[in-house]
Amino acid sequence: MRKPLLSRLVLIGALAMAGATAPAQTSDNDAMLSLEEIRTRAEASDPVAMVGYAMLLLDGGVVAYDANQAAELITAAADTGNRQAQLILVVMLEAGLGM
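Please read these numbers as outputs of a predicted model, since none were measured by experiment.

For helix H4 (residues 67-79), with 13 residues, the first-to-last C-alpha span of 18 Å sits near the 18 Å given by 1.5 Å per residue. When H4 is considered as a whole, its buried residues turn out to be Ala67, Ala70, Ala71, Leu73, Ile74, Ala77 and Ala78. Within H4, the buried residues cover an arc of 165° as seen down the axis, which keeps them to one side. The outward face of H4, more than 90 degrees from its buried face, is lined by the exposed residues Glu72 and Asp79. Of the surrounding elements, those touching the buried residues of H4 are helix H3 (47-59) and helix H5 (83-95). Taken from the residues just after H4, glycine 81 is the one with a positive phi, measuring 100°.

Side chains that carry opposite charge are capable of pairing whenever their charged atoms lie near each other. Going through the model one piece at a time under the given rule, you end up with 1 salt bridge. Where arginine 39 meets glutamate 36, a salt bridge forms, and the shortest distance between an N and an O atom there is 3.0 Å. Remark: glutamate 36 and arginine 39 occur in helix H2 (residues 35-43); sequence separation between them is 3 residues, near one turn of the helix. Owing to a relative accessible area of 23%, arginine 39 belongs among the partly exposed residues under this scheme. Given the relative accessible area of 47%, glutamate 36 is considered partly exposed.

Here the focus is unusual backbone geometry. In the Ramachandran plot, serine 45 falls in the positive-phi region, its phi being about 70° despite a non-glycine side chain. Tracing the sequence through the fold places serine 45 in the loop between H2 and H3.

Let's shift gears to the nonpolar core. A general tendency of soluble globular proteins is for nonpolar side chains to be buried together. Ranked by size, the top nonpolar core spans 25 residues in total, and within it Val51, Tyr53, Ile74 and Met92 carry the most contacts. At the level of secondary structure, the elements contributing two or more residues to this core comprise H2, H3, H4 and H5. Looking at which element gives the most residues to this core, the answer is H3, with 9 residues.

Two elements in contact, H2 and H3, have axes separated by 8 Å at closest approach and are oriented at 125°. Here H2 lies oblique to H3, going by the angle between them. The two elements H2 and H3 cross, and the hand of that crossing is left-handed. Note on element contacts: H3 touches H2 through Ala49, Met50, Tyr53 and Leu56, opposite Leu35, Ile38, Arg39, Arg41 and Ala42.

Definitions and cut-offs
- Within any chain, residue numbers begin from 1 and follow the written order of that chain's sequence.
- Confidence filtering applies because this is a predicted model: local features only for residues at pLDDT of at least 70, side-chain atom pairs given and counted only at 80 or more, and all residues used for totals across whole chains, interfaces and linings.
- Only heavy atoms go into the side-chain values, all of them from the structure, while hydrogens and water stay out.
- Each helix is a run of DSSP H or I of at least 4 residues and each strand a run of E of at least 2, with the numbering of both proceeding from the N terminus.
- Each residue after the first adds 1.5 Å to the expected span of a helix.
- Think of it in three bands: residues with accessible area under 20% of the maximum for their type are buried, residues over 50% are exposed, and the middle band is partly exposed, with areas taken using a 1.4 Å probe on protein chains only.
- The arc in question is the one traced by the directions running from the helix axis out to the C-beta atoms.
- Residue contacts are counted whenever heavy atoms from the two residues lie within 4.5 Å of one another.
- For this analysis, a salt bridge means a side-chain nitrogen from Lys or Arg found within 4 Å of a carboxyl oxygen belonging to Asp or Glu.
- We define the nonpolar core as a collection of buried residues of types Ala, Val, Leu, Ile, Met, Phe, Trp, Tyr and Cys that are connected through side-chain atoms lying within 4.5 Å of one another.
- Structural elements are reduced to axes, namely lines fitted to C-alpha atoms, with helices fitted over the stretch in contact, and the angle between N-to-C directions of any two is expressed from 0 to 180 degrees.
- Roughly parallel covers angles under 35 degrees, roughly antiparallel covers those over 145, roughly perpendicular covers 65 to 115, and oblique covers all other angles.
- The sense of a crossing depends on the near helix, which, turned anticlockwise from the far helix by less than a right angle, makes the crossing left-handed and, turned clockwise, makes it right-handed.

In structure tokens, the structure reads:
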């Protein structure tokens, strides 16, 4: 099931306000990572990878759309103090995405 257009627009706005980087970039280097590496780092509680994987889940292009799992990842990343995740979480809460 694809998300409505409004959800896409809200997320695009949140990412723009947060100065989002490409989901596949990590904080410890600028190399592009494979999907499996992003998923592994997200599962290991790397907040940057958690945000990146959550964005992939919300996009629904590379992995299946899952707003609930994305919200869990964004919440966990926000709890670490990741400011990008905190901003995205606020926007997701306002839009009712994955909550």
